[in-house]
Amino acid sequence: MAKLQEQGVGVRSVVLGAGVTAVVVVGAGMLVGRIRWLGRRLGEVVERWDAVKRMEQGTETMEWFNQFLDRYWPMYEPGLSKSIVDSLNLILEASKPNVLDDLRLTEFTLGSIAPRVRCVQTYPHTKEDHLILDMDVLFAPVDGSSISKNTSGGMVKRNSFIKLVARVGKSVASIPFPVQIKELEIVGKMRLVMRFVSNYPHIQTVDISFLQKPSIDFKLKPLGGLDVMDLPMLERTIQSTLDTALAASIIHPNKITVDLEWAMGLSDDPDKILGVLMLTLHEAEHLKNVETIGKSDPFARVLVGGNVVGATKVVDRDLSPKWEETKYIIIRRSTFGQVGSDDLVVEVHDAEGGLGKSSKLMGSTTTLSLRGWLKHLESNSTGANAISAAVQAAVTVAATGAEPRAKLPDSPANPGHEHQSSGSGRPTLSRHQTRKAFQEWGDPNPSKSTSVWRPLFLKNKPAGSVRLSMCYRPASIQDPNTEHPAGEDGNPTPEVTTGILRLRVHQAKDLSPHSPDPYLRIQINDEEPVITVPKRNTREPFFETEVTTFLQDVREARVDVRVFDKKDVVGDVALGECLVKVAEGLKRDPTDDWYTLVGGGAAKLRLSVQFTPISLSTPTPSTTNPKTTVANPVGVLLLTLQKAQNLLNRDVGGKSDPFVKLLHNGRQIYTSKVVKNCVDPVWEEEFAVVVGSVEDRVGFVVWDKDAVG
């Protein structure tokens with residue numbers, strides 16, 4: 001027995017020893033693997049550190065990048081050329097000598113031959129969202145016949161073509177000289193500063209500048225009229241002006257900034273007009289008097305994003321004022337650009353206020369987020385929801401910079417999602433919140449818009465209420481200067497004459513020679529004039545002032561721009577006046593934007609006008625004729641088609657299949673659903689009829705779907 005025990009102990013010792021050995025072997029293997037992994041990681045860190053040191057101490061060859069640029073440049077160049085031509089024209093205008101009346105680029109294409117980058121130096125220790133590249137660049141675009149406009153491998157080849165027009169002389173006596181810039185060659189050390197963002201294409205802007213004056217060489221070729229070689233001094237003048245302007249304007253710290261998203265067509269202009277919000281301020285009641293003696297003189301004003309966008313007239317000594325004024329609030333893409341920039345508030349003020357103040361707050365509404373209010377409209381594409389779909393698309397593009405989805409997750413077609421991100425850091429409204437917003441502020445759909453009473457608060461206490469109504473009108477794609485196509489019924493679509501005017505006054509030249517301090521007084525129709533800040537001691541001021549307003553009829557709109565010289569002692573002196581009919585200004589060639597200043601001698605003013613049509617005709621929802629409109633609606637009639645009883649059976653075998661046609665002034669505007677095989681049908685459908693007059697007529701006709709005739 002003892003012998004057997006000794007044998008058992010020996011066996012256990014052998015097994016234990018084998019187990020320990022196995023553990024040691026496995027542990028050693030894991031340790032070796034870990035050491036190898038640490039070695040590889042350490043090698044990567046050392047390699048990365050060494051690469052950063054090399055970047056800081058020298059330059060790198062860029063042949064790999066040139067291969068990439070050769071393929072990328074043809075796609076990128078059209079947007080780049082478009083984005084920088086306006087900047088270059090401003091530079092040329094500011095740099096031109098007195099012998100030239102005008103100097104500008106009329107055509108500008110760099111071509112599909114990419115610049116060559118000889119070497120590059122980077123700076124790793126910059127902001128996390130910035131990258132700085134210093135590159136030795138050679139750019140020599142092809143403008144001859146050695147490369148033609150054809151396709152190679154699916155890529156369009158384009159020659160460089162830069163056309164410049166120089167006008168010699170003054171006013172009507174000036175002579176145009178169109179020339180082509182040929183054999184352009186630019187050599188220099190260029191700095192690119194890239195700013196990264198989270199959205200595609202992940203590079204938002206690129207700042208382009210030269211660290212020192214580049215070498216710019218080119219030749220001029222006449223394209224018509226007199227040969228510039230007949231006037232050698234003119235050729236030298238143009239060459240000197242171009243060399244000075246192009247070099248000095250982009251030498252660091254001066255730069256040209258390219259918005260890459262916009263240049264590639266991936267985002268809209270932040271100032272792009274999406275539509276107009278029509279807000280009517282009807283009246284207020286039960287306002288709190290803030291005057292010590294007598295009654296307050298209330299007026300209302302509207303704020304969007306904290307900025308005042310409209311105000312009513314003042315009603316004297318009345319705590320239940322009636323205004324009945326409609327404000328047209330322009331909605332741009334930038335309205336939805338930041339959190340809070342779309343917040344709408346209505347305030348009521350006392351015009352006299354006391355204590356030297358021009359007004360005193362009497363009460364304000366709660367805040368409405370326009371983003372959530374507009375985005376969660378129903379997205380059906382017919383009838384009353386056609387405008388809703390347009391609103392949804394506009395706000396989706398504005399808020400996210402991306403194409404809208406076919407259906408919103410919060411729509412009845414896809415229930416179950418209570419929240420959705422707006423793309424700008426703020427969650428949009430849930431279904432319950434949307435329903436509440438519609439009840440409190442009304443429906444933005446013009447065919448469903450009704451007036452609502454909104455409570456006012458002052459220091460968190462009730463301060464009366466204000467009655468208002470709002471609806472949204474999307475921008476029309478119709479151009480009022482083009483021929484109007486025929487609609488579905490064969491008749492021409494009506495001309496849209498209401499909309500938003502954007503007037504931009506760029507600059508003036510050849511003003512009075514007495515060292516003026518010019519400023520502008522801009523008035524559109526009978527609106528309050530806009531007065532700019534004076535430009536000091538210049539005869540050729542750059543204003544770049546924009547005025548945007550809503551026009552009831554573009555055909556009758558007029559713009560009055562007057563230039564004055566600021567004189568504090570003897571009074572301001574008129575330097576000239578420019579009267580422009582907007583309709584005529586829209587028909588002019590965009591390059592013909594210099595207007596004569598009447599009463600200013602040879603003085604001229606450069607301005608541009610842009611009109612965005614906004615239709616005020618309210619679409620009548622209809623499955624058969626969705627384009628039916630009422631030009632001047634006075635209200636909306638809401639109807640509920642519930643049921644019918646004891647209908648005549650028109651079928652020989654079985655029962656009728658009834659449906660209802662709704663008529664407005666004799667025209668069919670709705671068709672209900674068909675109820676199969678029933679003479680006591682139940683529909684429970686809602687309809688909205690836009691009423692143009694109290695004399696309008698509405699009728700119902702019941703039909704059998706299977707009836708003959």
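Once a new chain begins, its residue numbering starts again from 1 and follows that chain's sequence as written. Residue-level local features of this predicted model are given only where pLDDT is at least 70; pairs of side-chain atoms are given and counted only at 80 or more, and the full residue set underlies all totals for whole chains, interfaces and linings. To get the side-chain values, all heavy atoms of the structure are used, and hydrogens and water are removed first.

What follows concerns the overall build of the chain. Helix and strand content of the chain: 8 helices and 35 strands. With an accessible surface of roughly 38,500 Å², the chain has 54% of that area assigned to carbon and sulfur atoms. Only DSSP runs of H or I covering at least 4 residues are called helices, and only runs of E covering at least 2 are called strands; the numbering of each starts at the N terminus. Each accessible area is a Shrake-Rupley result for a 1.4 Å probe, and residues are judged covered by the shown protein chains and nothing else.

On to the pairing of strand 13 (residues 298–304), then. Three labels apply to residues, based on accessible area from a 1.4 Å probe with only protein chains included: buried if under 20% of the type maximum, exposed if over 50%, partly exposed otherwise in between. Burial analysis of strand 13 places 6 of its 7 residues in the buried class, the great majority of the element. Any two strands with at least two DSSP-identified bridges between them are counted as paired. In this structure, strand 13 lies alongside strand 16 (residues 343–350), joined through 7 bridges in antiparallel fashion. The partner of alanine 300 across the bridge, within strand 16, is valine 348. Alignment of strand 13 against strand 14 (residues 307–311), held across 4 bridges, turns out to be antiparallel. Note on strand 14: the bridge partner recorded for leucine 303 is valine 308. Between strand 13 and the antiparallel strand that follows it, strand 14, lie 2 residues; glycine 305 among them carries a positive phi value of about 65°.

Right, let's get into the packing of aromatic side chains. Within 6.5 Å between ring centres, the rings of Phe, Tyr and Trp (the latter by its six-membered ring) count as paired, and their orientation is classed by plane angle as stacked under 30 degrees, edge-to-face over 60, tilted in between. Tallied over the entire structure, the rule returns 6 aromatic pairs. Ring geometry for tryptophan 64 versus phenylalanine 65: centroids 5.7 Å apart, planes at 75°, classification edge-to-face. Sitting above the plane of the tryptophan 703 ring, lysine 661 keeps its charged end 4.6 Å from the centroid. Think of it as a cone above the ring: NZ of Lys or CZ of Arg counts as a charge over the ring if it is within 6 Å of the ring centre and within 35 degrees of the ring normal.

The next thing to look at is the sheet that holds strand 32 (residues 658–664). Across the sheet, 3 strands lie side by side as 33-32-35; this open sheet has antiparallel pairing. Single-partner strands in this sheet number two, and they are strand 33 (667–671) and strand 35 (698–704). Going across the sheet, the axis of each strand differs from the next one's by a mean of 35°, ignoring polarity. Taken together, the 4 bridges between strand 32 and strand 33 define a ladder with antiparallel strand orientation. Pairing of lysine 661 across the sheet is with threonine 671, part of strand 33. Under this scheme, a helix contributes an axis fitted over its contacting stretch, all axes are lines through C-alpha atoms, and angles between N-to-C directions fall in the 0 to 180 degree range.

Let's shift gears to a nonpolar patch on the surface. Residues form patches when they are more than 30% accessible in relative terms and have no salt bridge. Like charges link within 9 Å. Nonpolar side chains (Val, Leu, Ile, Met, Phe, Trp, Tyr) link within 5 Å. Only one rule defines a salt bridge in this text: a Lys or Arg side-chain nitrogen within 4 Å of an Asp or Glu carboxyl oxygen. Nonpolar side chains collect at one region of the surface, where Leu637, Val698 and Phe700 lie side by side and expose about 240 Å² of accessible area between them. Take phenylalanine 700: it is sitting in strand 35.

Bringing the side chain of serine 656 into the picture now. The topology assignment puts serine 656 in the loop between strand 31 (635–643) and strand 32. Think of a polar contact as two N or O atoms within 3.5 Å of one another; within protein, one of them needs to be a possible hydrogen donor and the other a possible acceptor, and neighboring residues in sequence only count if both atoms come from side chains. Within the structure, serine 656 has its side chain in polar contact with the side chain of aspartate 704 (distance 3.5 Å). Leaving out residues up to four positions away in the same chain, serine 656 has contacts with Leu648, Asn649, Arg650, Asp651, Val675, Lys676, Asn677, Cys678 and Asp704. Only heavy atoms enter the contact rule, under which two residues are in contact if any of them lie within 4.5 Å.

With antiparallel pairing, the 4 strands of this open sheet are ordered in space as 23-22-25-26. Each having just a single partner strand, strand 23 (530–531) and strand 26 (573–581) make up the two edges of the open sheet. Relative to strand 23, strand 22 (residues 518–524) runs antiparallel, the two sharing 2 bridges. Bridge pairing in strand 23 links isoleucine 522 to valine 530.

As a further point, take unusual backbone geometry. The phi angle at glutamate 324 is positive, at roughly 55°, despite the residue not being glycine. Mapped onto the elements, glutamate 324 comes out in strand 15 (residues 322–332). For asparagine 460, which is not glycine, the phi torsion reads 65° and is therefore positive.

Pairing geometry for strand 4 (residues 130–139) and strand 8 (residues 175–196), over 10 bridges, is antiparallel. In the sheet register, phenylalanine 139 faces strand 8, and the bridge partner there is isoleucine 186. Strand direction decides the pairing type here: strand 7 (residues 161–168) and strand 8, joined by 6 bridges, are antiparallel. The residue bridging arginine 167 from the neighbouring strand is proline 176, located in strand 8. Bridge count for strand 8 against strand 10 (residues 215–222) is 7 bridges, and the pairing is antiparallel.

Attention shifts here to the pattern of salt bridges. Going through the model one piece at a time under the given rule, you end up with 21 salt bridges. Aspartate 70 is the salt-bridge partner of arginine 116, the closest N and O atoms lying 3.9 Å from each other. With arginine 116 in strand 3 (residues 116–122) and aspartate 70 in helix 2 (residues 63–95), the pair connects residues that are 46 residues apart, well separated along the chain. For arginine 116, a relative accessible area of 32% translates into the label partly exposed. The partly exposed category is assigned to aspartate 70, whose relative accessible area is 33%. Put simply, arginine 467 and glutamate 324 hold a salt bridge, and the shortest N to O gap is 3.7 Å. Placement of the pair is arginine 467 in strand 20 (residues 461–474) and glutamate 324 in strand 15, with a sequence separation of 143 residues. One continuous salt-bridge network, built from bridges that share partners, spans Arg332, Arg502, Arg504, Glu544 and Glu546.

With that settled, the discussion passes to the environment of serine 160. Inspection of the secondary structure assignment puts serine 160 in the loop between strand 6 (155–156) and strand 7. A relative accessible area of 4% places serine 160 in the buried class. Expressed as a C-alpha distance, the spacing of serine 160 and serine 112, which sit 48 residues apart in the sequence, is 7.4 Å. What serine 160 contacts, discounting residues up to four positions off in sequence, is Thr109, Leu110, Gly111, Pro141, Val142, Asp143 and Gln180.

What follows concerns the confidence of the model for the chain. Values of pLDDT, the confidence the predictor places in each residue, fall between 0 and 100. Chain-level statistics for the chain give a pLDDT mean of 74 and a share of 68% at 70 or above. Between residues 478–493, whose pLDDT stays under 50, and residues either more than four places distant or in other chains, the model counts 23 contacts. A low-confidence stretch, residues 619–631 (pLDDT under 50), is modelled with 42 contacts involving residues beyond four sequence positions or located in other chains.

Position of methionine 190 among the secondary structure elements: in strand 8. Along the sequence, methionine 190 and isoleucine 251 sit 61 residues apart, while their C-alpha atoms lie 9.0 Å from each other.

On to the nonpolar core, then. Within the largest apolar cluster, 43 residues are counted, with the highest numbers of intra-cluster contacts made by Leu105, Phe108 and Leu164. In terms of residue count, the dominant contributor to this core is helix 2 (10 residues). Think of a nonpolar core as a cluster: buried Ala, Val, Leu, Ile, Met, Phe, Trp, Tyr and Cys residues, connected wherever their side-chain atoms sit within 4.5 Å. Residues Leu277, Leu287, Ile331 and Met470 belong to the second largest nonpolar core, which totals 32 residues.

The subject of this paragraph is the environment of arginine 317. Tracing the backbone shows arginine 317 in the loop between strand 14 and strand 15. With relative accessibility at 58%, the residue arginine 317 sits in the exposed group. Linking arginine 317 and aspartate 297, residues 20 residues apart in sequence, is a C-alpha distance of 4.8 Å. When residues no more than four places from it in sequence are discounted, the contact partners of arginine 317 are Lys295, Ser296 and Asp297.

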